[in-house]
Amino acid sequence: MSTLAPLHLLREPWNASEGNQSNAIVGASGGWCQGLDIPNELFLALGLVSLVENLLVVAAILKNRNLHSPTYYFICCLAVSDMLVSISNLAEMLFVLLLEHGVLVMRPSVVRHMDSVIDMLICSSVVSSLSFLGVIAVDRYITIFYALRYHSIMTLQRAVVTMASIWLVSTVSSTVLITYYHSNTVLLCLIGFFLFMLVLMLVLYIHMFTLARHHLHSITCQQKPPTTHRGGSLKGAVTLTILLGVYFICWGPFFFHLILIVTCPTNPFCTCFFSYFNLFLILIICNSVIDPLIYAFRSQELRRTLREVVTCSW
């Protein structure tokens, strides 16, 4: 039994009968349609690494008063969202092991109820993670283009309202998704949300990079040779590529899976793609491992606080 099995609701399309699925798999290339056997130990290891990483981020931000600002509160919420992925992964792992070894005996109805609870936890973490990635991009945009007005635009009250709204919407949307998982409309809304966040981040980060490149060009026009300009542009391009590349690589396959469920649930090649669902979930967990490296650990102040947390210098 594979890890993160609670998302069986999305693992295979509900409007494709078991017979059609079997015929589709036989009709397509057998080897490719076998999927990828991912050991539970890998899920467990990645979940533990992500949990520790994001827990350290939350502890550091709570400890250091210099980090008590909207920007770091958003990063903290992103870490909490990523922790939900890890916690749901570890909880299901323990749940599955207890059932398989007969330590935990439960009625099928109770197992289905636990399944749904973990489903909701995972879906809530997906929506909240994507939301806070978008909010962090907006926050950075305001910091660059409205630097003098930042503290009047992004007040603590507005930040709190934003965070509370995201958590509320994430909880409600995950409940709706699990309740109406058979509805293509619900999946289309989730797919649309992903594409909206992708376009939002793409536009904002490219605009920020363009401004930074323009400033560097203005500064280095009077310098000879203009090596700083080339180096700064290259660094900005690399950062932009990492941000958008990680987002697309880690989240793209999962949402492409949802698109195929809506558009071609019985097509043989789509059915083969469905067999790699666990790989897509591994990529999402990898994203929760990478997020702290991109958004948190690059801060010198936060790294210093992390060292104090690790060495218990409270």
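Residues numbered from 1 in each chain as written. Predicted model: local features only at pLDDT ≥ 70, side-chain atom pairs only at ≥ 80, totals over all residues. Heavy atoms only, no water.

Tracing the backbone shows Phe280 in helix 11 (residues 277-296). For the pair Phe280 and Pro253, spaced 27 residues apart in the sequence, the C-alpha separation amounts to 5.8 Å. In this structure, Phe280 is in contact with Cys250, Pro253, Phe254, His257 and Phe273, ignoring residues within four places of it in sequence. (Helix = DSSP H or I, 4+ residues; strand = E, 2+ residues; numbered from the N terminus. Contact = heavy atoms within 4.5 Å.)

Glancing now at the packing of helix 3 (residues 40-63) against helix 4 (residues 70-100). Contact geometry for helix 3 and helix 4: axes closest at 8 Å, N-to-C directions at 150°. On the basis of the axis angle, helix 3 is roughly antiparallel to helix 4. Between helix 3 and helix 4 lies a crossing whose hand is left-handed. A class-by-class count of the residues in the contact of helix 3 with helix 4 yields 17 nonpolar, six polar and two charged. (Axes fitted to C-alpha atoms, helices over the stretch in contact; angles between N-to-C directions. Parallel < 35°, antiparallel > 145°, perpendicular 65-115°, else oblique. Left-handed = near helix turned anticlockwise from the far one by under 90°. Nonpolar A, V, L, I, M, F, W, Y, C, P; charged D, E, K, R; others polar.)

Of all hydrophobic cores here, the largest spans 77 residues; its most connected members are Tyr247, Trp251, Phe255, Tyr295 and Leu302. The contact partners of Trp251, leaving out residues within four places of it in the chain, are Val126, Ser129, Leu130, Leu133, Phe194, Val246, Ile284 and Asn287. (Core = buried A, V, L, I, M, F, W, Y, C linked by side-chain atoms within 4.5 Å. Buried < 20%, exposed > 50% of the residue type's maximum accessible area, 1.4 Å probe, protein only.)

In the numbering used here, UniProt assigns the feature "transmembrane region" (unreviewed entry) to residues 42-62, 74-97, 117-138, 159-179, 185-206, 237-261 and 273-297. The span residues 42-62 is 100% helix and 0% strand, and its two end C-alpha atoms sit 30 Å from each other. Overall, residues 273-297 shows 88% helix and 0% strand. The separation of its end C-alpha atoms is 35 Å. (UniProt positions renumbered as here; feature names shortened; annotations may be inferred.)

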